Amino acid sequence: MLTWINEKAKWVIVIFAAGIAIGLLAMDRVPNQGHSYPIGVVNDTKISYTDFDSRVKMIVQNQYQNQHLDDEQYSQLRSQVFSSFVRQALFAEQFEKAELSASVAELKNEFKRNSDAVRARLVQEAQARLYAIQQQATSQEDLMQRSQAYIASLPKFLTDTTFNKADYDAWIETPAAYRWSAMLMLEDEMKNNTIPARQLQALVSASVHPTSLEAKWAVERRMTDYELQVAVAPNSAFVVDSNSVDSVVVSGYFKAHTLDSFFVQKDVAQFQYVSIPVEATAGDDASIREYAMTLYYQLTDSSSTTTFEDMARVSSEDPGSAEKGGVLSDDFVGRGTYVKPFEDVAFALDSGKISEPVRSQFGYHIIKSYGNVKNDKGEVEKVKVGHILLTVTASSNTIDSLEKILTNIKKDVDAGSDLVTEAKARGLEVKVSEWVPRDGNIASLGYIRGLAAFAWPNENLPDEESEISSVLKNNKWVAIAKKVGSFKAGERSLPLYYNDIKESILKQKAGKAAEIYLNSVAAQVKAWNPTDTAAKTEIEKVELETKNSSVDGFVPGFGYGNAQLGKVIGKAKVGEWTAPVVAENGAVMLKVVSKKTPKVEEVEDAIKQDIDNAYRFGMMTAFNDFVTNLEASTPVKSNLDLYYRD
């Protein structure tokens, strides 16, 4: 039957497929179904958990083919899906405000322009219908008759070997096209999202029309080349004492920039934390070796029917070779390919033999030889081998013992003790994190489940009774944390920007010192003649260089495409040195030796291209900016932590 359908309907890829098994994401990710809260709220629009969960599962199925994702990957996926729902809700509001809608003509045109996408959905629906026919058929003959009748009823462009666009376009104009569930769903998607989004983009980008005068200025500026002589006193040559910038200076700088800077972009928090690395103990190592020996005895037992290859597929923790029955290479390989402990045993094995477990930095290997190549002296030069790898990791008992240490610290702190005191009593150190955004990680720990939920608890959850988190863990660390500071997005923060401000002031001081010094040696700079190779000029703490560049290019001291460079060159007179200026990377003096302007026809061609590019890319930039600002200015309530403890 399958062969018959394949012969009669070339477009059918797979029919009667097995049922899709998505399953739960993981037991520890199953939300409390007792919650009556939406997964999020955008203004007054609620995002349902059911819709959210369906989209996550669909992505896991289609994009990841149901492969295992770790905690961090699931957390990132959920954040991305949540953001997509937020954007969808925001777009819907904008569509309504701007009264944007899709006309019938726009819908039909969209269908015609996207024939591949439409056909793919029709094929899926046809496959589902054929599967239903198979389930409902009372006999093989009934199945044949009903399948033939259904296939005969399909549009001709679906059953023909070669796709006929004219037939497809004609079908779009008929009422029959809109009796398909796939077409109705796609029509709904285009009507409520795709087409209004394109209309909104055009509306937002309507002002992106650069004038020819603006384009001419930009082109001439970019295409004018300068031959320059450059003298740089780099900041690195003028180290400023860090103690010269204290908290009073930093605070004064912060207050002087009250209105326009140092705002918190995202919710952030800072933590004290105690962490213990998750490492295998000697006992764990011994247990893994004992298990490896058990496998070895089974493989070498003459009465056993288990093959090395079957055992590798089931037991090996080397994903690259396990699926191939443990075989590491299809070809014979020489020495130096594998790590030495492994290599020593692999080259000593006779063909067909299996080794006892061998310890390397990767774990325990059980090695099988598939043959070797010897030289004239009888020495093995190349081998072909396979292995079963058992990695040595911390056991659950080891991890439990580490968690118990931190749990006891938490109990003692909750009873009134001090975190630093309790950690020190157990030989552990309390560290202070950098400022961590809500969707970020403590750098030294990486992603660790539960930190964000602890730092920013949902208002619908009971208040935490402890200032110390429960034990947080990943595959490298167990930790407990205490929040010692936080700022909300939109607030101004001196502590958050303290180090940045201090570095900026130190850089300004270094630049000023470089400017003063360069001014003191200005006469020597002006006397420099790079064309006189016999007289090599050297000035202490000054780098002298010739450079050909436009104002958008790289110039020493200024860096690449620095806006300040255009101002300096614009005021410079050809043949004369400028006064020292403080630039990005130090103090700089310039002399414009010559200036080469572009040809008129080159400018005209570039203007046309710039106007076209500015319109095409400017539309996209303007729309992206619009969406970014819209998201940033909209209050969004996330209840992800009611369902998933990230």
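Right above here is the structure, for reference.
Read on for an overview of the structure.

So, the overall build of the protein chain
Thought 1: Tallying secondary structure elements over the protein chain gives 23 helices and 18 strands in all.
Thought 2: Against the 2.2 N^0.38 benchmark of 26 Å for 646 residues, the protein chain shows a C-alpha radius of gyration of 35 Å, more extended than a compact globule.
Thought 3: Along the three orthogonal principal directions, the C-alpha set of the protein chain runs to about 100 × 75 × 75 Å.
Thought 4: Counting only residues that meet the buried cut, the protein chain has 39% of its 646 residues in that class.
Thought 5: Put simply, 72% of the contacts in the protein chain that link residues at least 6 apart link residues at least 24 apart.
Thought 6: As displayed, the protein chain has an accessible area near 36,600 Å², and 50% of this comes from carbon and sulfur atoms.

What to know about the packing of aromatic side chains
Thought 1: Counted according to the given criterion, the structure contains 20 aromatic pairs.
Thought 2: Each ring, one from F52 and one from F85, has its centre 6.3 Å from the other, and the planes form 45°; the classification is tilted. Placement of F52 in helix α2 (residues 49–62) and of F85 in helix α3 (residues 71–97) is noted, with a sequence separation of 33 residues between them.
Thought 3: Given a relative accessible area of 0%, F52 falls into the buried group.
Thought 4: Take F85: its relative accessible area is 8%, and that puts it in the buried class.
Thought 5: Each ring, one from F91 and one from F95, has its centre 5.9 Å from the other, and the planes form 45°; the classification is tilted. Placement of both F91 and F95 in helix α3 is noted, with a separation of 4 residues, approximately one turn of the helix.

Some thoughts on the layout of surface pockets
Thought 1: In this model, the largest pocket occupies a volume close to 1,800 Å³.
Thought 2: Contributions of two or more residues to the lining of the largest pocket are made by α3, α18 (451–455), β12 (477–487), α22 (600–632), β18 (636–638) and α23 (640–643).
Thought 3: When residues in the lining of the largest pocket are grouped by element, the largest group, 7 residues, is from α3.
Thought 4: Residue composition of the lining of the largest pocket, grouped by class: 17 nonpolar, 13 polar and 12 charged.

Description of the sheet that holds strand β6 (residues 358–360)
Thought 1: Spatial strand order, β5-β8-β7-β6: 4 strands in an open sheet with antiparallel pairing. Edge positions in the sheet fall to β5 (333–334) and β6, since each of these pairs with one other strand and no more.
Thought 2: The pairing of β5 with strand β8 (residues 380–390) spans 2 bridges and is classified as antiparallel. In the sheet register, G334 faces β8, and the bridge partner there is K382.
Thought 3: Helix α12 (residues 282–300) contacts β6, β7 (363–374) and β8 of the sheet and is inclined by roughly 45° relative to β7.
Thought 4: In the packing of helix α13 (residues 308–315) onto the sheet, the strands contacted are β7 and β8, and the crossing angle to β8 comes to about 50°.

A look at the pattern of salt bridges
Should the charged atoms of two oppositely charged side chains come close, the side chains can pair.
Thought 1: Under the defined criterion, the tally for this structure stands at 27 salt bridges.
Thought 2: The partner of K112 in a salt bridge is E173, with the nearest N and O atoms 2.8 Å apart. Note that K112 is positioned in helix α4 (residues 104–113) and E173 in the loop between α8 (165–172) and α9 (181–204), a separation of 61 residues in sequence.
Thought 3: Classification of K112 by relative accessible area gives partly exposed; the value is 25%.

Let's talk about the sheet that holds strand β2 (residues 45–47)
Thought 1: Pairing in this open sheet of 3 strands is antiparallel, and the strands run β2-β1-β18 from one edge to the other. The outermost strands of the open sheet, each flanked by one partner alone, are β2 and β18. If you compare each strand with its neighbour and ignore which way they point, the axes differ by 15° on average.
Thought 2: Here 3 bridges tie strand β1 (residues 40–42) to β2, and the two strands are oriented antiparallel to one another. Among the inter-strand pairings, G40 is bridged to a residue of β2, identified as I47.

A word on the nonpolar core
Thought 1: Membership of the largest hydrophobic core comes to 25 residues, with the highest contact counts inside it found for F111, V118, L122, Y150, W171, W180 and M183.
Thought 2: Put simply, the parts of the chain that give this core at least two residues each are α4, α5 (115–136), α6 (140–153), α7 (156–159), α8 and α9.
Thought 3: The biggest single contributor to this core is α5, with 6 residues.
Thought 4: Not counting residues up to four positions away in its chain, the partners in contact with W180 are L122, E125, A126, Y150, L154, P155, L158 and W171.
Thought 5: The next biggest cluster of nonpolar side chains, apart from the first, holds 22 residues, and it includes V42, F52, L642 and Y644.

Quick notes on the pairing of β7
Thought 1: Pairing of β6 with β7, which is carried by 3 bridges, proceeds in the antiparallel orientation. When the sheet's bridge partners are listed, R359 is paired in β7 with Y364.
Thought 2: Between the antiparallel neighbours β6 and β7 lie 2 residues.
Thought 3: Direction of pairing for β7 relative to β8: antiparallel, over a ladder of 9 bridges. Within β8, the residue paired with H365 across the bridge is L389.

Observations concerning the packing of α3 against α22
Thought 1: In contact at an axis separation of 11 Å, α3 and α22 are set at 105° when each is read in the N-to-C sense. With respect to their mutual orientation, α3 and α22 come out roughly perpendicular. Contact residues: R87, L90, F91 and Q94 in α3; F623, F626, V627, L630 and E631 in α22.
Thought 2: Classifying every residue of the contact of α3 with α22 by side-chain character gives 6 nonpolar, 1 polar and 2 charged.

So, how was this worked out
Residues numbered from 1 in each chain as written. Predicted model: local features only at pLDDT ≥ 70, side-chain atom pairs only at ≥ 80, totals over all residues. Heavy atoms only, no water. Helix = DSSP H or I, 4+ residues; strand = E, 2+ residues; numbered from the N terminus. Rg over C-alpha atoms; globule rule 2.2 N^0.38 Å. Buried < 20%, exposed > 50% of the residue type's maximum accessible area, 1.4 Å probe, protein only. Contact = heavy atoms within 4.5 Å. Areas by Shrake-Rupley, 256 points an atom, 1.4 Å probe, with all protein chains shown as cover. Phe/Tyr/Trp six-rings, centres within 6.5 Å; stacked < 30°, edge-to-face > 60°. 1 Å grid on protein atoms, 1.4 Å probe; cavity = no way out; pocket = protein on both sides within 12 Å on 5 of 7 lines; lining within 4 Å. Points joined across faces, edges and corners; volume = space filled by probe spheres on them. Nonpolar A, V, L, I, M, F, W, Y, C, P; charged D, E, K, R; others polar. Pairing = 2+ DSSP bridges. Axes fitted to C-alpha atoms, helices over the stretch in contact; angles between N-to-C directions. Salt bridge = Lys/Arg side-chain N within 4 Å of Asp/Glu carboxyl O. Core = buried A, V, L, I, M, F, W, Y, C linked by side-chain atoms within 4.5 Å. Parallel < 35°, antiparallel > 145°, perpendicular 65-115°, else oblique.

Worth remembering: the numbers are spatial, not functional.
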